Amino acid sequence: MTNQLLAISFLSLCTLAGSLVPSAIAAPVRSGAVEAELIATADEVVGGESVTVAIRLKAAEHWHVYWENPGDSGTPVKVTWDVPTSAKIGDLQFPVPKEYEIAGFVTYGHEGELFLLAELKLAADIPVGTIIPMKARISWLACDPNRCVPGRADLSLSLKVTAGNPKPNRWTTKIQAAQAGLPAPIGGTAKVAGQSVTIEIPAKDLPKHSSAKPTAFFPAQSGVFKIGEPKPSVSIDGAGNVKIILEKETDSELPDEIRGVATFANHHPLMVKAAFK
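Asks: Sorry if this is basic, but what is going on with the overall build of the protein chain here?
Replies: What the protein chain contains, in helices and strands, is 2 helices and 19 strands. Burial statistics for the protein chain: of 277 residues in total, 41% are counted as buried. Taking the contacts inside the protein chain whose residues are at least 6 apart along the sequence as the reference set, 70% of them involve residues at least 24 apart. When the accessible area of the protein chain is evaluated, it comes to approximately 14600 Å², of which 54% is carbon and sulfur surface.

Asks: Teacher, can you tell me more about the sheet that holds strand β1 (residues 29-31) here?
Replies: The 5 strands are arranged β1-β2-β4-β10-β7 in an open sheet whose pairing can be described as antiparallel. Two strands close off the open sheet at either side, each with one partner strand: β1 and β7 (87-89). The mean inter-strand angle of the sheet, taken between neighbouring strand axes irrespective of direction, is 25 degrees. Two strands pair when backbone bridges link them, and strand β4 (residues 50-59) and strand β10 (residues 113-122) are joined in this way by 9 bridges, in the antiparallel orientation. Bridging from a neighbouring strand, K58 pairs with E113 of β10.

Asks: Can you help me understand the nonpolar core in this one?
Replies: Note on soluble globular proteins: their nonpolar side chains tend to be buried together. I55, L57, V77, I138 and W140 are the most contacted members of the largest nonpolar core, which totals 42 residues. For this core, the element with the highest residue contribution is strand β11 (residues 131-143), accounting for 6 residues. When neighbours within four sequence positions are excluded, I138 is seen to be in contact with I55, L57, V77, K78, V79, G151, R152, A153 and L155. Among the nonpolar cores identified, the runner-up in size contains 20 residues, and A190, I201, A212 and L246 belong to it.

Asks: Looking at this structure, I do not really get the state of the cysteines. What am I missing?
Replies: Disulfides are covalent bonds that link the sulfur atoms of two cysteine residues. Here the structure, examined in full by the defined rule, presents 1 disulfide. Residue C143 pairs covalently with C148 via a disulfide, S to S 2.0 Å. Classification of the bridge connecting C143 and C148 rests on its S-S torsion, roughly 110 degrees, and on that basis the disulfide is right-handed. Residue C148 is classed as partly exposed on the basis of its relative accessible area of 44%.

Procedures and definitions
- Residues numbered from 1 in each chain as written.
- Predicted model: local features only at pLDDT ≥ 70, side-chain atom pairs only at ≥ 80, totals over all residues.
- Heavy atoms only, no water.
- Helix = DSSP H or I, 4+ residues; strand = E, 2+ residues; numbered from the N terminus.
- Buried < 20%, exposed > 50% of the residue type's maximum accessible area, 1.4 Å probe, protein only.
- Contact = heavy atoms within 4.5 Å.
- Areas by Shrake-Rupley, 256 points an atom, 1.4 Å probe, with all protein chains shown as cover.
- Pairing = 2+ DSSP bridges.
- Axes fitted to C-alpha atoms, helices over the stretch in contact; angles between N-to-C directions.
- Core = buried A, V, L, I, M, F, W, Y, C linked by side-chain atoms within 4.5 Å.
- Disulfide = S-S within 2.5 Å.

Structural data, given as structure tokens:
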């Protein structure tokens, strides 16, 4: 009888301990030099509304992973989502990349802690108390100055549907900071002349354009434009219009719309989307 009581007490304690673990918590996964985790701005979400989720990657010192356009070599971070039919996941949003140049190859990537953001939108008729399970299968290539190692992780997260205002969690501030750092969208027009493509953004569409000092342009579409020699150039003319000049890769096909990030020394970065005239 004593043994039975001990066993019952042990099982009860295990059950209680399990019930105290929040449903949204999922342990990070380490693969090689990179730690990966699926997180959100809140542990709860309201039906009919959205919550920002993030793939958090943290690379070890001296290591980096690749942007959506990795450049001359490398492999971009790729994510395959698995969410219920009552939810929809938006496009993955990358922060501004950093340029790396090793052995004559120019690549684009990220180092340190990285947040790749997406919006999860729920249907309006989901009952309060429903648990929304989501999964993300992620793969990447991590490199340091001497070697590259592929990595992958299967991540999971569960969010609870609530009727009230979701409370912030330990990741809210960092995800909000990552959102604030995303390039601001802006339109432009593109035209072709031989192997060159010129993108123009009129001054009137640029906030505080008079003080902007352009530093770089990162084309987002892989394999379309040269990123080494010559590198993409971005400048501002006397009237304050931004001009971006790109050189096509040999035999590459131009997309209907060119996407890329323009950076400035004293201006928020811009996500440029330019349609051809």
